[in-house]
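Inside the fold
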Amino acid sequence: MFLETICIKNGIVQEIEAHRERMRQTALHFGFSAPELPDLSARIPPELVESNKIKCSVVYHKEIISVKYSDYRPKTINSLKLVEADLDYSFKYSDRATLNALLQERGDCDEVLIVKNNCITDTSFSNVVFRKENDFFTPNTYLLNGIKRQKLLREKRIRERPITVNDLHHFDKIYLINAMLDIEDGVGLSVEKIL
């Protein structure tokens, strides 16, 4: 089964076409037809209607299996632990057991930053963007080519490049981005907090 995490901001579904396209690409790869998404904004539970940002989680395969809504509050991330792993997460699976197992290796840190063959990839729940002065870069060795990552690349707000563990000291800040988080949301930290 697969998962789409979709942001609904002030009642408006964000980047819906990008999510539909990822569903189509996933279905094509695995040999089935992507199901149609329902009108997600019409199904928001009454208790969440006033929420600024809603996380909508859609689990699907050949059909929509579940649609869940929750009020979204970003995690506070003050430290990241580098964790080496050789995994493939090129599709957004609903089963996150492998990522959750890596997260257990974080020790006293808030989150893991996954390293594959000495190259920086993603955290357990986001792509990453590094800042160097006024320039922003994302690793070309991502695990999942996330919706927000693709959008920021298209808009030329970030650039893709190889980033290894040895390159980290060249940057001053790391930001975590995903369908729910943009750079402006400020979920990030100094690279000195990467352990």
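Refer to the structure presented above.
Predicted, not measured: the structure shown is a model, and the values here were computed from it. (Residues numbered from 1 in each chain as written. Predicted model: local features only at pLDDT ≥ 70, side-chain atom pairs only at ≥ 80, totals over all residues. Heavy atoms only, no water.)

As a further point, take the overall build of the protein chain. What the protein chain contains, in helices and strands, is three helices and 12 strands. When its C-alpha atoms are laid out on the principal axes, the protein chain stretches across 45 × 40 × 35 Å. Per-residue burial for the protein chain yields a buried fraction of 48% across its 195 residues. The long-range share in the protein chain, meaning contacts at least 24 apart out of those at least 6 apart in sequence, stands at 61%. Looking at the protein chain, you have 28 positive and 29 negative side-chain charges, and the mean spots of the two groups are 1 Å apart. (Helix = DSSP H or I, 4+ residues; strand = E, 2+ residues; numbered from the N terminus. Buried < 20%, exposed > 50% of the residue type's maximum accessible area, 1.4 Å probe, protein only. Contact = heavy atoms within 4.5 Å. Lys, Arg positive; Asp, Glu negative; His and termini not counted. Charge placed at Lys NZ, Arg CZ, Asp CG, Glu CD.)

Moving on to the pairing of strand E5 (residues 80–84). As paired elements, E5 and strand E6 (residues 111–116) share five bridges and run parallel to each other. Within E6, the residue paired with Val83 across the bridge is Ile114. The parallel pair E5 and E6 is bridged by helix H2 (residues 97–103), and the resulting crossover is right-handed. (Pairing = 2+ DSSP bridges. Right-handed = clockwise from strand over helix to strand, strands pointing away.)

What follows concerns the sheet that holds strand E3 (residues 53–60). Taken in spatial order, the four strands of this open sheet run E2-E1-E3-E4, and their pairing is antiparallel. Only two strands of the sheet have a single partner each, and these edge strands are strand E2 (12–13) and strand E4 (64–71). Pairing of strand E1 (residues 2–9) with E3, which is carried by eight bridges, proceeds in the antiparallel orientation. Residue pairing for E3: Glu4 is matched across the bridge by Val58. Across the sheet, helix H1 (residues 16–30) lies against E1, E2, E3 and E4, angled at about 175 degrees from E1, the strand it touches most. (Axes fitted to C-alpha atoms, helices over the stretch in contact; angles between N-to-C directions.)

Turning our eyes to something else, we now look at the nonpolar core. Ranked by internal contacts, the top residues of the largest apolar core, which has 22 residues, are Leu113, Ile120, Phe130, Ile174 and Ile194. Mapped onto this core, the elements with two or more residues apiece are E6, strand E8 (127–132) and strand E11 (173–177). In terms of nonpolar packing, the next biggest core, distinct from the first, is built from 17 residues, Ile6, Leu37, Leu40 and Cys56 among them. (Core = buried A, V, L, I, M, F, W, Y, C linked by side-chain atoms within 4.5 Å.)

Summed over all chains, the structure comprises 10 aromatic pairs. Their ring planes at 75 degrees and their centres at 6.3 Å tell us that Phe30 and Tyr93 sit as a pair that is edge-to-face. Of this pair, Phe30 sits in helix H1 while Tyr93 sits in the loop between E5 and H2, and the two are 63 residues apart along the sequence. The class for Tyr93 is partly exposed, based on a relative accessible area of 25%. Taken together, the ring pairs in this structure connect Phe2, Phe30, Phe32, Tyr60, Tyr89, Phe91 and Tyr93 into an aromatic cluster. Positioned above the aromatic ring of Phe125, the side-chain terminus of Lys75 is 4.3 Å from the ring centre. Just above the ring of Phe137 sits the side chain of Arg161; from NZ or CZ to the centre is 5.5 Å. (Phe/Tyr/Trp six-rings, centres within 6.5 Å; stacked < 30°, edge-to-face > 60°. Lys NZ or Arg CZ within 6 Å of the ring centre and 35° of its normal.)

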